[in-house]
Amino acid sequence: MRQTFGETRSAFAAKHALISHDSHEQVTLPHWPGCALVHLITPALGAEFTFFLVRAAEDTEIAAPAAGVERFVLQREGQVTVTIRGEDAARLSEEGYAFLPAGCDHVLGLAHGAAALVLERHYRPLDGAALPVPVVSAIPEVAVQPLKGDERLMLQKLLPDAPGFDMEINVMDFAPGAGLPYVETHFMEHGLMLLDGGGVYRLEDAWYPVAAGDAIWMGPFCPQWFGAIGRGNARYLIYKNWNRDPL
Ligand code: UGY
Ligand code: MN
């Protein structure tokens, strides 16, 4: 999508944000040595999680996050490995991912040039529920199911459906012309990364053209709807807080 100087497709509103590539701001952080980070979504927006891109400028090793924080990592480019203490290193394949529960002692290995998408949030335990276990897999290996019986809108659930997990991370794949069946308004929030294709996203009372590489934050009760437009499928990764009472 073309822009001239002084323009951006990024937009920020009370209950949503669209973060387009032109406004990516790179930073470095002490606990991500050798990496350039682009924070797409943080609590400063109103979100209860962080969602950021990482690119390694050299071979590097990253320690587990702070106590009580859970981490999800999606491989985007290059060699990304996860080594959980006491286990062999696991290399994330193309679109490989790892969910590392709070307290899981691990090292994230990024080779020079590797890129990943990371989500972190404070884990909310649930009385009586078993703690979540680490998950290492890849999007192409996850079962695909139609959403509400519509074969033109396919869903993959990347994390187990168990009460100990306080988040869902799904991939939704829309055939051209397919859309969400209704305008959703729910108490859960979302972090979204468009992986392929494009379309129109309704967020609150605004409609945005969106394309692969765009990130979206949807706060609680943000009216939301998506319709895929284009020759190819539109596919996005979407996080939501899950399995916990809103009170
Ligand atoms: O799971 C969801 O809430 C999802 N259908 N929302 C969305 O795609 N905006
Ligand atoms: Mn939703």
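Here the structure is a predicted model, which means the values were calculated and not measured.

Conventions and cut-offs
Residues numbered from 1 in each chain as written. Chains lettered and ligands numbered in written order. Predicted model: local features only at pLDDT ≥ 70, side-chain atom pairs only at ≥ 80, totals over all residues. Near = placed C-beta within 6 Å. Helix = DSSP H or I, 4+ residues; strand = E, 2+ residues; numbered from the N terminus. Nonpolar A, V, L, I, M, F, W, Y, C, P; charged D, E, K, R; others polar. Pairing = 2+ DSSP bridges. Axes fitted to C-alpha atoms, helices over the stretch in contact; angles between N-to-C directions. Domains from an automatic or database assignment. Contact = placed C-beta atoms within 7 Å. Core = buried A, V, L, I, M, F, W, Y, C linked by C-beta atoms within 7 Å. Buried ≥ 20, exposed ≤ 12 C-beta atoms within 10 Å, placed from the backbone. pLDDT = per-residue confidence, 0-100.

Looking at the site of ligand 1
Step number 1: For ligand 1, the full set of nearby residues is M172, L180, E184, H190, Q224, F226, I238 and K240.
Step number 2: Every element with two or more residues in the shell around ligand 1 is listed here: β21 (224-228) and β22 (234-241).
Step number 3: Taken together, the residues of the shell around ligand 1 sort by class into four nonpolar, two polar and two charged.

Thoughts on the sheet that holds strand β18 (residues 198-203)
Step number 1: Read from one edge of the open sheet, three strands run β19-β18-β21, paired in antiparallel fashion. At either end of the open sheet lies a strand with only one pairing partner, and these are β19 (206-211) and β21. Geometrically, the sheet is characterised by an average inter-axis angle of 20 degrees between neighbouring strands, direction not taken into account.
Step number 2: Note that β18 and β19 share six bridges and pair antiparallel. Its bridge partner being in β19, Y201 is matched across the sheet by Y208.

Comments concerning the domain arrangement of the protein chain
Where interface size is quoted, it is often the accessible area lost as the parts come together.
Step number 1: With domains assigned, the protein chain is organised as domain 1 (24-125) and domain 2 (141-241).
Step number 2: Placing a centre on the C-alpha atoms of domain 1 and another on those of domain 2 gives a separation of 22 Å.
Step number 3: At the junction of the two partners, domain 1 supplies 17 residues and domain 2 supplies 14 residues.
Step number 4: Contributions of two or more residues to the side of domain 1 that touches domain 2 are made by β4 (35-41), β7 (69-77), β10 (96-100) and β12 (115-122).
Step number 5: Per element, the largest residue contribution to the side of domain 1 that touches domain 2 is three residues, and it comes from β12.
Step number 6: In terms of residue class, the side of domain 1 that touches domain 2 is built from 13 nonpolar, one polar and three charged.

Quick notes on the nonpolar core
Step number 1: Membership of the largest hydrophobic core comes to 59 residues, with the highest contact counts inside it found for V73, L110, A116 and I216.
Step number 2: If you count residues domain by domain, this core takes at least three from each of domain 1 (24-125) and domain 2 (141-241).
Step number 3: V73 has contacts with V80, Y97, A98, L108, A116 and V118, leaving out every residue within four places of it along the chain.

Regarding the environment of L117
Step number 1: Here L117 lies in strand β12.
Step number 2: When the C-alpha atoms of L117 and G103 are compared, they prove to be 20 Å apart, with 14 residues separating the residues in sequence.

Details of the pairing of strand β2 (residues 16-19)
Step number 1: Taking every second residue as pointing to the same face, both faces of β2 are buried, with H16 and L18 on one and A17 and I19 on the other.
Step number 2: Pairing between strand β1 (residues 11-12) and β2: two bridges, direction antiparallel. Within β2, the residue paired with F12 across the bridge is A17.
Step number 3: Between β1 and β2, which follow one another and run antiparallel, lie three residues.
Step number 4: With four bridges connecting them, β2 and strand β20 (residues 215-218) associate as antiparallel partners. Residue pairing in the sheet places L18 in a bridge with I216 of β20.

With respect to the sheet that holds strand β11 (residues 106-110)
Step number 1: The four strands are arranged β6-β11-β8-β9 in an open sheet whose pairing can be described as antiparallel. Strands at the two margins of the open sheet, each flanked by one partner only, are β6 (60-63) and β9 (90-92). Strand-to-strand twist of the sheet, defined as the mean angle between neighbouring strand axes without regard to direction, takes the value 25 degrees.
Step number 2: Pairing geometry for strand β8 (residues 80-84) and β9, over three bridges, is antiparallel. When the sheet's bridge partners are listed, V82 is paired in β9 with A90.

Remarks on the environment of M218
Step number 1: Its place among the elements puts M218 in strand β20.
Step number 2: Accessibility expressed as a C-beta count within 10 Å gives 27 for M218, which makes it buried.
Step number 3: C-alpha of M218 to C-alpha of M1: the two residues are 217 residues apart in sequence and 22 Å apart in space.
Step number 4: Not counting residues within four places of it along the chain, the set of residues in contact with M218 comprises H16, E189, H190, L203 and Q224.

Side note on the confidence of the model for the protein chain
Step number 1: For the protein chain, mean pLDDT is 97; residues scoring 70 or higher make up 100% of the total.
Step number 2: Scored by ipTM, the complex comes to 0.99, with pTM at 0.97.

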